[in-house]
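Architecture at a glance
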Amino acid sequence: QVQFVESGGGLVQPGGSLRLSCAASGISFSSYAMGWYRQAPGKQRELVAGITSSSNTVYADSVKGRFTISKDNGQNTVFLQMNSLNADDTAVYYCNAYRGITSGRFDWGQGTQVTVSS
């Protein structure tokens with residue numbers, strides 16, 4: 001059974017930073033492209049950052065230059081460093097094996113809430 005456990009979210013002021021972690025189990029982590037997705041209230045879930053099995057990365061335009069995705073294959077963990085946060089980044093953040101800009105290959109975890117507010 002594939003599971004993703006996201007952590008690291010919280011309340012942060014505009015301009016602040018957070019580092020999210022996602023521990024994956026039940027998959028051969030190094031064989032999949034992985035993605036961080038987010039879903040804001042009333043909006044569709046969207047890909048914000050992806051990393052391939054060979055560690056090539058891709059970012060949504062809205063986070064380019066502010067977010068950095070990385071992974072540790074040995075720990076089966078993917079990270080998202082988020083800097084210069086703003087209110088538009090407020091959402092629940094999820095990780096999954098990448099299948100599309102709005103979908104993952106497996107069931108979603110519980111996500112981690114990121115709230116940017118003064």
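Now for a look at the structure at hand.

1. Quick notes on the overall build of the protein chain
When helices and strands are tallied, the protein chain shows 0 helices and 10 strands. Starting at the N terminus, the α and β elements of the protein chain follow one another as β-β-β-β-β-β-β-β-β-β. For the protein chain, whose C-alpha radius of gyration is 13 Å, the value lies close to the compact-globule estimate of 13 Å for 118 residues. Seen through its principal axes, the protein chain has C-alpha atoms that stretch 40 × 25 × 20 Å. When the 118 residues of the protein chain are sorted by exposure, 44% land in the buried category. Taking the contacts inside the protein chain whose residues are at least 6 apart along the sequence as the reference set, 54% of them involve residues at least 24 apart. With the model as given, the accessible surface of the protein chain reaches about 6,000 Å², and the carbon-plus-sulfur share is 44%. Positive and negative charge centroids in the protein chain, built from 9 and 7 side chains respectively, lie 4 Å apart.

2. Thoughts on the sheet that holds strand 10 (residues 112-116)
With respect to topology, 6 strands assemble into an open sheet ordered 2-10-9-4-5-6, the strand pairing being mixed. Whereas interior strands pair on both sides, the edge strands pair on one side only; in this sheet they are strand 2 (10-12) and strand 6 (57-59). With strand direction ignored, the average angle separating the axes of adjacent strands in the sheet is 25°. Judged from the 5 bridges that link them, strand 4 (residues 34-39) and strand 5 (residues 46-51) form a sheet pairing that is antiparallel.

3. Re the packing of aromatic side chains
If you walk through the whole model with that rule in mind, you get 4 aromatic pairs. Ring geometry for Tyr 37 and Trp 108: centres 5.0 Å apart, planes at 85°, overall edge-to-face. Placement of Tyr 37 in strand 4 and of Trp 108 in the loop between strand 9 (91-97) and strand 10 is noted, with a sequence separation of 71 residues between them. When its relative accessible area of 0% is taken as the criterion, Tyr 37 is described as buried. For the ring pair Tyr 94 and Trp 108, a centre distance of 5.7 Å and an interplane angle of 70° mean the geometry is edge-to-face. On the criterion of sequence distance, the pair formed by Tyr 94 in strand 9 and Trp 108 in the loop between strand 9 and strand 10 is long-range, its members being 14 residues apart. Taking the relative accessible area as the measure of exposure, Trp 108 reaches 28% and is therefore partly exposed. An aromatic cluster of three or more residues is present, and its members are Phe 4, Tyr 32 and Phe 106. A cation sits over an aromatic face here: Arg 19 above Phe 79, 4.1 Å from the ring centre. Sitting over the face of the ring of Tyr 94, Arg 45 holds its NZ or CZ atom 4.2 Å from the ring centroid.

Cut-off values and rules
- Residues numbered from 1 in each chain as written.
- Predicted model: local features only at pLDDT ≥ 70, side-chain atom pairs only at ≥ 80, totals over all residues.
- Heavy atoms only, no water.
- Helix = DSSP H or I, 4+ residues; strand = E, 2+ residues; numbered from the N terminus.
- Rg over C-alpha atoms; globule rule 2.2 N^0.38 Å.
- Buried < 20%, exposed > 50% of the residue type's maximum accessible area, 1.4 Å probe, protein only.
- Contact = heavy atoms within 4.5 Å.
- Areas by Shrake-Rupley, 256 points an atom, 1.4 Å probe, with all protein chains shown as cover.
- Lys, Arg positive; Asp, Glu negative; His and termini not counted.
- Charge placed at Lys NZ, Arg CZ, Asp CG, Glu CD.
- Pairing = 2+ DSSP bridges.
- Axes fitted to C-alpha atoms, helices over the stretch in contact; angles between N-to-C directions.
- Phe/Tyr/Trp six-rings, centres within 6.5 Å; stacked < 30°, edge-to-face > 60°.
- Lys NZ or Arg CZ within 6 Å of the ring centre and 35° of its normal.

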